[in-house]
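Here is how the chains run, residue by residue.
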Amino acid sequence: MADLFAADPVETADDTNRPLADRLRPRSLDEVIGQQHLLGPDGTLRRMIASGRLGSLILWGPPGTGKTTIARLLADEVGFNFEQISAVFSGVADLKKVFDKARMERRMGNRTLLFVDEIHRFNRAQQDGFLPVMEDGTIVLVGATTENPSFELNAALLSRAQVLRLNAFAHEELEQLASRAEDYVGRKLPLDAAARDALLEMANGDGRYLIGLCEDLFALPEGTALDVPALAETVQKR
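Attention here is on the structure that accompanies the text. (Residues numbered from 1 in each chain as written. Predicted model: local features only at pLDDT ≥ 70, side-chain atom pairs only at ≥ 80, totals over all residues. Heavy atoms only, no water.)

Side chains Leu 57 and Leu 59 of strand β1 (residues 57–60) all project onto a buried face; the interleaved residues Ile 58 and Trp 60 project onto the opposite face, where all are buried too. In this sheet, strand β4 (residues 140–145) lies alongside β1 in parallel orientation, the contact comprising 4 bridges. Looking at β4, one finds that Leu 57 is bridged to Val 142. Here β1 pairs with strand β5 (residues 162–165) via 4 bridges, running parallel. Looking at the pairing, Leu 57 lines up with Gln 162 of β5. (Buried < 20%, exposed > 50% of the residue type's maximum accessible area, 1.4 Å probe, protein only. Helix = DSSP H or I, 4+ residues; strand = E, 2+ residues; numbered from the N terminus. Pairing = 2+ DSSP bridges.)

Structure, rendered in structure tokens:
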């Protein structure tokens, strides 16, 4: 795969202030690592895009598996405007603003993909608020959750969206992410072979967490070489 993160060969001063995980985000679905059951040649999302019918989705999976990235790239792929809110920080007034903007865009012939992070944090009434704008085509909803949607989301909302399960990154996929980070930064992680394997295990399938660990290790002085105990000590300090 090519998931979470893609290297950009041109880096500006502003770019260096952004987290490495953000700088390594893929620029197309072809660059996404993992989730081949969704993004491979016969994957669910590939078939949906090919059919020209992108419906509302609930992306269910562990943290750091690329839910936000995939939603953003889906919008790019089908030419929709991308709007993002978090259920942790947004309320009814925020939703109304997004819906009003989407209605205005629709009148101009533009479609809107609304990505709602941690959608399970919205209460039942707030979840019901999505139903009219989903039904009339004002938005295509893509919600992200780490919790089982069957228990956390309204049945009415689930009946209007397809639930797609994202998997934690396998060891080999985490290795691809680490190698991509090395290519981007231009040097190898300061780890021996055993420590490198330990680093991938520490990530526990979370690609974003792995890239955060890599960023800390790249910040160590040139010439540093860590074995497993030294890596454990460095991560504990983090």
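The next subject is helix α4 (residues 67–78). Given a rise of 1.5 Å per residue, 12 residues ought to cover 16 Å, and the 17 Å separating the end C-alpha atoms of α4 matches this to within 8%. Taken as a whole, α4 has its buried residues at Lys 67, Thr 68, Thr 69, Ile 70, Ala 71, Leu 73, Leu 74 and Ala 75. Buried residues belonging to α4 abut α2 (36–39), α3 (44–51), β1, β2 (81–86), β3 (112–117) and β4. Phi for Gly 79, located one or two positions after α4, is positive at around 75 degrees. (Expected span 1.5 Å × (residues − 1). Contact = heavy atoms within 4.5 Å.)

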